[in-house]
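Below are the chains, spelled out letter by letter.
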Amino acid sequence: MSVNKDSKSNAESRMKNLIPSAPNKPKTITKHGDTREDPWFWLRDLGDPATMDYLEAENSYTDVVMSSDAQVQELVYQEMRGRIKEDDSTVPEKDGDYYYYTSFEEGKQYPIYCRKYLSLDGVDEVLIDVNEIAQDLGYCKIGNWKNSPDHNLLAYSLDSDGSEMYTIRIKDLRTGELLSESIPGTYYSLEWANDNSAIYYDVLDENHRPVKIYKHQLGDDHINDQLIYEEKDPRFFVGMVKSASKRFIFITSSGNNMSEWYFMEADVPNSKLTLIEPRSEDFEYDVEHHGDRFFIRNNGDGAKDFKISETPISSPRFDNWTDLVPHESGRPIAGIFVFEGYFVLYYRAGGLPRVKIMDLVTANTHDLQLDEEDYSLRIQGGREWDSSVLRYSYASLTTPTAVYDYDMGSRKRELRKQIEVLGGFCSEKYRSRRVFAIATDGARIPISILYGKDTLLDGSAPLYLYGYGSYGLIIESDFGSARLSLVDRGYVFAIAHVRGGMDLGWDWYEDGKLLNKKNTFTDFIACAEHLISAGYTTKGQIVASGGSAGGMLMGAVANMRPDLFKAIVADVPFVDVLNTMLDDSLPLTTMEYNEWGNPQERDFYDYIHSYSPYDNVCAQEYPHMLVTGGISDPRVTYWEPAKWTARLRDTKTDDHLLLLKIHMDSGHAGASGRFDRLREVALEYAFILKVFGI
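Residues numbered from 1 in each chain as written. Predicted model: local features only at pLDDT ≥ 70, side-chain atom pairs only at ≥ 80, totals over all residues. Heavy atoms only, no water.

Q: Explanation requested: helix α7 (residues 518-533) in the structure shown.
A: Residues that lie three or four places apart on an α-helix share one face, since the helix turns once every 3.6 residues. Between its terminal C-alpha atoms α7 stretches 23 Å, which fits the 22 Å expected from 16 residues at 1.5 Å a residue. Taken as a whole, α7 has its buried residues at N519, T520, F521, T522, D523, F524, I525, A526, C527, A528 and L531. One or two positions beyond α7, positive phi appears at G535, with a value near 85°. (Helix = DSSP H or I, 4+ residues; strand = E, 2+ residues; numbered from the N terminus. Expected span 1.5 Å × (residues − 1). Buried < 20%, exposed > 50% of the residue type's maximum accessible area, 1.4 Å probe, protein only.)

If you want it as structure tokens, here you go:
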């Protein structure tokens, strides 16, 4: 027995000797008379060999620590992969004489974009096989792909390192050959002129911000492309979209809760841009076309949760807008979809998605009927303007995603496909609930819960609690087969729908941003405490998880209430908030002043300083932690998780696991291949199982 104890002690001692340590090189930062010391500011310099040495040391340490759980990681990976029908495809979308769809082949990582001619029984024509493109790349992602209106050409954009900087290529679908042109430095927007002779695209500036729209004439050198629009205000990003009717190309400029839209005729070469309504503070709108009018979703005249207006194309300014769908407080309108004969309103009620359909001839309306108390629903739109069919996907925590075609005239729906979950999955083995926690100020915070039907709700179960709560984004109650590897082991899975999202409307969002940001953190803590008091778990038996701005949430609650959590998983966490928001050269900083506040102003500086996770690490015990980052990440730079980890190592008083994994061949979204992505999830789950011993 003593030999075993000595052996274990020696192994632990060797492991401690492997723990990385980043040199302390204090940098003094003074703002508003406040002086801070940042000992790891130097990690921003990737050209410093010491930076890469530290990142590689952290990666090596994570690999060594997790090596003893390699079998568990492989088992979980095989479980997750075993639930996927690898040979699968999406429901085809009809566009003229073609049906477009995406397929996957067994054993292959990447999608294959295809079409059939005239009939669903036709021959498969491969447009892009991403597997072939990815053969010599560590990362490979198609950002956008659009066929020309005559279906003879295909434009697509490719990111080869996870930086979200895309290169556009054009393929002749008649010959299978790539055209000579290659357009680098682009972002996500891509549209065809209706005469098939040109494409429009957006371009990134030196700060990785999309600020210009260009027109490229096929066959020309992209250096000579025509500048269509340029944004001069660094708080705004530009984008572009074609109307559902295909008549117009809209150019949008948006940021800081403002937007501005222009339109031009997609049929008319060298069509001039026309402004719909100038930008103004706290005024947002977006536009669709129908006949001789525009439908406009907007928050004008105090319509916080948005209303729908209409205006003549000939006189599009705000003074001519009249209400079509009035504002209703607590019913946030998320979007509109327009067909030749129908108008579709996508909104939320009680925090859940809803759909209302209007017949544009009769003006009759009806609601889409839905089944469960907690679910997700997404409109998939369609390629054909004159269709009466609305395609949507539906899922819940216990129901795999199903795709329906709904005939808006007959009000009948057809199930076109339901994701097949292999490995003996049966939805009857699981239960879901929607409950509410009470926040410190009395707000009711929704929580979506999934667990096995045989799981005892007596406090004995470990619990996985996910949160986000920023930008008004909503974490839907989707189905996820990967999480079953935890649920099947007795874990309860939960989503905290905290403020900062827009689940319950604009006020829900505003109560979790700017000088109200701390509500996001206290809401999450209230959700954890409610789940403990309701018997779903026990204090100290929770793993909290979040990514990006949700990773900031993880950093904040780790500082505020580490006693609640046994482990924390923070993916690409936005944790160096104060330094990032003071640096207006970073891609998103100026764009997000209206989310976090501009710390050039003292009130915002002080408030951000009071919660910024990196700046508030203190000498206390922290939960076991797994932190990830991406070396090419333009949204949350790699140095944020690296600096945070270095400070935690230097400051915390416990000997709990603290692991940092910087992915050296990807960016914000992690691995591009579907199986490689599962490897990343398997690492996370193996870490959780290691910590919990379950």
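Back to the text.
Q: What is the right way to read the nonpolar core from this model?
A: As a rule of thumb, nonpolar side chains are buried together in soluble globular proteins. Core analysis: the largest hydrophobic core is formed by 72 residues, its most contacted members being I449, L465, F524, F565 and W644. Considering every element that reaches this core, the biggest residue donor is helix α8 (residues 549-560), with seven residues. Dropping the residues within four chain positions of it, F565 is found in contact with F524, A528, G540, I542, A544, V557 and P623. (Core = buried A, V, L, I, M, F, W, Y, C linked by side-chain atoms within 4.5 Å. Contact = heavy atoms within 4.5 Å.)

Q: So what exactly am I meant to see when it comes to the sheet that holds strand β25 (residues 352-359) here?
A: Strand pairing within a sheet occurs via backbone hydrogen bonds; the two strands may be parallel or antiparallel. Strand order in the open sheet made by the four strands is β23-β24-β25-β26, with antiparallel pairing throughout. Looking at strand neighbours, the two that pair on one side only are β23 (333-338) and β26 (365-367), the edges of this open sheet. On average, each strand axis in the sheet is tilted by 20° relative to the strand beside it, whichever way the strands run. Here three bridges tie β25 to β26, and the two strands are oriented antiparallel to one another. Looking at the pairing, K356 lines up with D367 of β26. (Pairing = 2+ DSSP bridges. Axes fitted to C-alpha atoms, helices over the stretch in contact; angles between N-to-C directions.)

Q: Honestly, the pairing of strand β31 (residues 430-438) in this entry has me stumped. Any pointers?
A: The side chains of a regular strand alternate, first on one face of the sheet and then on the other. Here β31 pairs with strand β32 (residues 444-452) via nine bridges, running antiparallel. Bridged to V435 within β32 is I447. Between β31 and β32, which follow one another and run antiparallel, lie five residues, and G442 among them has a positive phi close to 95°.

Q: Where do I start with the side chain of H216 in this structure?
A: Note that H216 resides in strand β13 (residues 210-217). Excluding residues within four positions of it along the chain, H216 makes contact with I170, E181, I183, S197, A198, I199, Y201, H222 and D225.

Q: Explain unusual backbone geometry here, please?
A: For residues other than glycine, phi is negative in most cases, and the peptide bonds are mostly trans. Residues other than glycine seldom take positive phi values, yet H151 does so here, at roughly 70°. Phi angles above zero are rare outside glycine, and D301 is one such case at about 55°. With respect to the secondary-structure elements, D301 resides in the loop between β20 (293-298) and β21 (307-312). The exposed category is assigned to D301, whose relative accessible area is 67%.

Q: Is there a simple way to explain the pattern of salt bridges in this structure?
A: In a structure, side chains of opposite charge can pair up when their charged atoms sit close to one another. A full pass over the atoms with the stated rule returns 49 salt bridges. For R83, the salt bridge goes to E79, with nearest N and O atoms at 4.0 Å. We classify R83 as buried; its relative accessible area is 9%. Residue classification places E79 among the partly exposed residues on the basis of a relative accessible area of 23%. Between K146 and E191 there is a salt bridge whose closest N-O contact spans 2.9 Å. Within this pair, whereas K146 is found in strand β8 (residues 141-147), its partner E191 is found in strand β11 (residues 178-192), the two being separated by 45 residues in sequence. Residue class for E191 comes out buried when judged on its relative accessible area of 9%. Connected through shared salt-bridge partners, E79, R83, D488 and R489 make up one network. (Salt bridge = Lys/Arg side-chain N within 4 Å of Asp/Glu carboxyl O.)

Q: In this structure, what is going on with the side chain of E191? I would like to understand it.
A: Here K242 takes part through its backbone nitrogen, which lies 3.3 Å from a polar atom of the side chain of E191. Residues in contact with E191, not counting those within four places in the same chain, are K146, A198, I199, Y200, M240, V241, K242 and I249. (Polar contact = N/O pair within 3.5 Å; in protein donor to acceptor, adjacent residues only side chain to side chain.)

Q: Even after reading the chapter, I still don't get the environment of Q541, so can you show me in this structure?
A: By the secondary structure assignment, Q541 is in the loop between α7 and β35 (542-547). Sequence separation between Q541 and P210 is 331 residues; the distance between their C-alpha atoms is 44 Å. Non-local contacts of Q541, meaning those with residues more than four positions away in its chain, are made with P462, L463, L564, K566 and F692.

Q: Any chance you could explain the environment of V435 here in plain terms?
A: Note that V435 resides in strand β31. Measuring from C-alpha to C-alpha, the distance between V435 and C527 comes to 9.6 Å, with 92 residues separating the pair along the chain. Apart from the residues within four sequence positions on either side, V435 is in contact with I445, P446, I447, I449, H530 and Y536.

Q: Would you explain the packing of α7 against α8 in this entry?
A: Two quantities define a packed helix pair, namely the angle between the helix axes and the distance between the axes. Two elements in contact, α7 and α8, have axes whose closest approach is 10 Å; the angle formed by their N-to-C orientations is 70°. Considered as vectors, α7 and α8 are oriented roughly perpendicular to each other. Crossing of α7 over α8 shows right-handed handedness. Here α7 contributes T520, F521, T522, F524 and I525 to the contact with α8, which in turn contributes M552, L553, M554, A556, V557 and M560. Along the lines of polarity and charge, the residues of the contact of α7 with α8 split into nine nonpolar, two polar and no charged. (Parallel < 35°, antiparallel > 145°, perpendicular 65-115°, else oblique. Left-handed = near helix turned anticlockwise from the far one by under 90°. Nonpolar A, V, L, I, M, F, W, Y, C, P; charged D, E, K, R; others polar.)

Q: Where do I start with helix α11 (residues 602-611) in this structure?
A: Among the residues making up α11, those that are buried are F604, Y605, Y607, I608 and Y611. In this structure, the buried side of α11 is in contact with β1 (27-31), β2 (34-38), α7, α8, α9 (577-582) and α10 (593-596).

Q: I tried to follow the sheet that holds strand β19 (residues 285-290) on my own but got confused; where do I start?
A: Strands sit in the order β19-β20-β21-β22 across an open sheet of four strands; the sheet is antiparallel. One side of each edge strand has no neighbouring strand; the edge strands of this open sheet are β19 and β22 (322-325). Each strand of the sheet is rotated relative to its neighbour by a mean of 35°, with strand direction disregarded.

Q: I keep staring at the packing of aromatic side chains and nothing clicks. Help me out?
A: What characterises a pair of aromatic rings is the spacing of the ring centres plus the angle enclosed by the ring planes. Tallying each qualifying case throughout the model produces 36 aromatic pairs. Between F283 and F318, the aromatic rings sit 5.8 Å apart at their centres with planes inclined by 85°, giving edge-to-face as the arrangement. Highlighted residues: F283 in the loop between β18 (274-277) and β19 and F318 in the loop between β21 and β22, separated in sequence by 35 residues. For F283, a relative accessible area of 8% gives the class buried. By way of ring pairs, the aromatic residues Y98, Y100, Y113, Y117 and W145 are connected into one cluster. Directly above the aromatic system of F236 lies the positively charged group of R279, at a separation of 4.1 Å from the ring centroid. One cation-aromatic arrangement involves K566 over F692; the distance from NZ or CZ to the ring centre is 5.9 Å. (Phe/Tyr/Trp six-rings, centres within 6.5 Å; stacked < 30°, edge-to-face > 60°. Lys NZ or Arg CZ within 6 Å of the ring centre and 35° of its normal.)

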